Amino acid sequence: MIYIADEPEDAGLDDWFPLGDGTADTEADVHCPYCGESVVIGLDPGSGPRQEYVEDCQVCCRPWQVSVTYASDGSALVEVDASDDGWDD
């Protein structure tokens, strides 16, 4: 996305989350699929309405596959699954 100098930096977010619908979630409380600990992770609504990426658990350091889907009101549905690639038990 290209921003015009006169637009605020987050102008593109209005396309995904129209004004008046609230603010987008910027964090989520998830449970690690390996160690079961509750962890708060940061979310980036500026990366689009659907996101998938790998993030390590802050407690046990094992990798998760994180899926984030934003609704039109800015609320995020976050799913965390085990990403077993490269791990031997």
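Residues numbered from 1 in each chain as written. Predicted model: local features only at pLDDT ≥ 70, side-chain atom pairs only at ≥ 80, totals over all residues. Heavy atoms only, no water.

### Observations regarding the pairing of strand 1 (residues 27-31)
Here strand 1 shows a clear split, with A28 and V30 buried on one side and none of E27, D29 and H31 buried on the other. Summarising the sheet, strand 1 and strand 2 (residues 38-42) pair through five bridges and their orientation is antiparallel. Note on strand 2: the bridge partner recorded for V30 is V39. Between the antiparallel neighbours strand 1 and strand 2 lie six residues, among them G36 with a positive phi of about 80°. (Buried < 20%, exposed > 50% of the residue type's maximum accessible area, 1.4 Å probe, protein only. Helix = DSSP H or I, 4+ residues; strand = E, 2+ residues; numbered from the N terminus. Pairing = 2+ DSSP bridges.)

### Here we look at the side chain of Q51
Structurally, Q51 is set in strand 3 (residues 50-56). A polar atom in the side chain of Q51 sits 2.9 Å from the backbone oxygen of D44. A distance of 2.9 Å separates the side chain of Q51 from the backbone oxygen of G48, its partner in a polar contact. In this view, Q51 contacts D44, P45, V66, S67, V68 and Y70; residues no more than four positions away in its chain are not counted. (Polar contact = N/O pair within 3.5 Å; in protein donor to acceptor, adjacent residues only side chain to side chain. Contact = heavy atoms within 4.5 Å.)

### Considering the environment of I41
With respect to the secondary-structure elements, I41 resides in strand 2. Look at I41 and you get buried, because its relative accessible area is 1%. Counting along the chain gives 13 residues from I41 to A28, while the straight-line C-alpha distance between them is 5.5 Å.

### Description of the sheet that holds strand 4 (residues 63-70)
Hydrogen bonds between backbone atoms are what pair the strands of a sheet, whose relative direction is either parallel or antiparallel. Taken in spatial order, the three strands line up as 3-4-5 in an open sheet, and their pairing is antiparallel. Edge positions in the sheet fall to strand 3 and strand 5 (76-82), since each has one partner strand and no second. Direction aside, neighbouring strands of the sheet carry axes that sit 20° apart on average. Where strand 3 lies against strand 4, seven bridges are found, and the strand directions are antiparallel. (Axes fitted to C-alpha atoms, helices over the stretch in contact; angles between N-to-C directions.)

### Quick look at the nonpolar core
Core analysis: the biggest nonpolar cluster contains 14 residues, and V30, I41, L43, W64 and V78 have the highest contact counts within it. Every element with two or more residues in this core is listed here: strand 1, strand 2, strand 4 and strand 5. Per-element accounting of this core gives the leading share, four residues, to strand 4. Apart from the residues lying within four places of it in its own chain, the contact partners of I41 are T26, E27, A28, V30, Y53, E55, Q58, W64, V66 and V78. (Core = buried A, V, L, I, M, F, W, Y, C linked by side-chain atoms within 4.5 Å.)

### Some words on the pairing of strand 5
Note: strand 4 against strand 5, seven bridges, orientation antiparallel. Residue pairing for strand 5: Q65 is matched across the bridge by D81. Taken together, strand 4 and the strand that follows it, strand 5, pair antiparallel across an intervening segment of five residues, in which G74 is found at a positive phi of about 95°.

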